[in-house]
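Listed below, chain by chain, are the residues.
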Amino acid sequence: MTTYDDQQLKNLLQDPATLRKGFEAMVRQYSEQLYWQVRRIVITHEDANDVVQNALLKAWSSIGTFKGESKISTWLSRIAINEAVDFTRRLKNRPTLSTDDADLGLANQLMADKYFDGDETEAMLQEAIASLPDVQRTVFQLRYYDEMKYSEMSKVLGTSEGGLKASYHIAVKKITEFFHKRD
């Protein structure tokens, strides 16, 4: 399997003769990274797979608008994260048919998920993160899990670095309070 650097991929994507090859290489190189970025936002394995597939379809349909001014990973992350946030918003606005799932806390849902490999503390952390507003949750996940720099995050989310830093610190404070209430 050939790995391409960013400029090589951009060249492949911008040439109609190599577009499909470039897109396939891009998917191979970035799918796992996108999966984990999305998984932290939507929580479940199945939802993360669906969201990543939708994001890749959106990337394919808008490949002609990609100017190559940003890194490919930045462009893909922006699409995937927006898809994940839209997915969670739609999920929150959808009426539930059963109260069983609503009664079952996120930590318990995660512990029951066969794809979840964390412990109870990790499940509680995910529950704390899920309780954050969308922007704070996304910023926290990108910074904490992906160790994304604020400058890169600013490009992905289209927000100022100062605003991102504030969102991250507020998120940390809320998560800390969440754990203190559980003690």
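Residues numbered from 1 in each chain as written. Predicted model: local features only at pLDDT ≥ 70, side-chain atom pairs only at ≥ 80, totals over all residues. Heavy atoms only, no water.

Q: For this particular structure, what's the right way to read the overall build of the chain?
A: Across its full length, the chain holds 10 helices and 0 strands. The secondary structure elements of the chain, listed N-terminal to C-terminal, are α-α-α-α-α-α-α-α-α-α. Here the chain holds 183 residues, and the buried ones make up 43% of them. Approximately 10800 Å² of the chain is accessible, and the part contributed by carbon and sulfur atoms is 50%. (Helix = DSSP H or I, 4+ residues; strand = E, 2+ residues; numbered from the N terminus. Buried < 20%, exposed > 50% of the residue type's maximum accessible area, 1.4 Å probe, protein only. Areas by Shrake-Rupley, 256 points an atom, 1.4 Å probe, with all protein chains shown as cover.)

Q: I keep staring at the nonpolar core and nothing clicks. Help me out?
A: The tendency in soluble globular proteins is for nonpolar side chains to be buried as a group. Ranked by size, the top nonpolar core spans 47 residues in total, and within it L9, M26, V38, V42, I72, W75 and L76 carry the most contacts. Residue assignment for this core shows that the elements contributing at least two residues are α1 (6-14), α2 (19-42), α3 (45-61), α4 (72-93), α7 (120-130), α8 (134-144), α9 (150-157) and α10 (161-182). The greatest single-element share of this core, amounting to 10 residues, is contributed by α2. (Core = buried A, V, L, I, M, F, W, Y, C linked by side-chain atoms within 4.5 Å.)

Q: Explanation requested: the packing of α2 against α8 in the structure shown.
A: Two quantities define a packed helix pair, namely the angle between the helix axes and the distance between the axes. For the pair α2 and α8, the least separation of the axes is 10 Å and the interaxial angle reads 140°. By the angle between their axes, α2 is oblique relative to α8. Note that α2 runs across α8; the crossing there is right-handed. Judged by residue contacts, Q37, R40 and I41 of α2 engage R137, T138, Q141 and L142 from α8. Here the contact of α2 with α8 is composed, by residue class, of 2 nonpolar, 3 polar and 2 charged. (Axes fitted to C-alpha atoms, helices over the stretch in contact; angles between N-to-C directions. Parallel < 35°, antiparallel > 145°, perpendicular 65-115°, else oblique. Left-handed = near helix turned anticlockwise from the far one by under 90°. Contact = heavy atoms within 4.5 Å. Nonpolar A, V, L, I, M, F, W, Y, C, P; charged D, E, K, R; others polar.)

Q: Is there a simple way to explain the pattern of salt bridges in this structure?
A: Opposite charge on two side chains permits them to pair, given that their charged atoms come into close proximity. Summed over all chains, the structure comprises 7 salt bridges. Among the ionic pairs, D6 bridges to K10, the shortest N-O distance being 3.3 Å. Note that D6 and K10 are positioned in helix α1 at a spacing of 4 residues, about one turn of the helix. One salt bridge connects D86 with R89, and the closest N-O pair in it is separated by 3.9 Å. In this pair, D86 and R89 both sit in helix α4, 3 residues apart, roughly one turn of the helix. Accessibility expressed as a relative area gives 33% for D86, which makes it partly exposed. Three or more residues joined by partner-sharing salt bridges are found here, namely D86, R89, D134 and R137. (Salt bridge = Lys/Arg side-chain N within 4 Å of Asp/Glu carboxyl O.)

Q: It is not clear to me how the packing of aromatic side chains should be interpreted in this structure. Could you clarify?
A: A ring pair, where both rings are aromatic, is described by two values, the distance of the centres and the angle of the planes. For the structure shown, the criterion picks out 8 aromatic pairs. Here the aromatic rings of F66 and W75 are separated by 4.7 Å at their centres, their planes lie at 40°, and the arrangement is tilted. Where F178 meets F179, the ring centres are 6.0 Å apart and the plane angle is 75°; that geometry is what we call edge-to-face. When its relative accessible area of 14% is taken as the criterion, F178 is described as buried. You can call F179 partly exposed: its relative accessible area is 24%. By way of ring pairs, the aromatic residues F140, Y144, Y145, Y150 and Y168 are connected into one cluster. (Phe/Tyr/Trp six-rings, centres within 6.5 Å; stacked < 30°, edge-to-face > 60°.)

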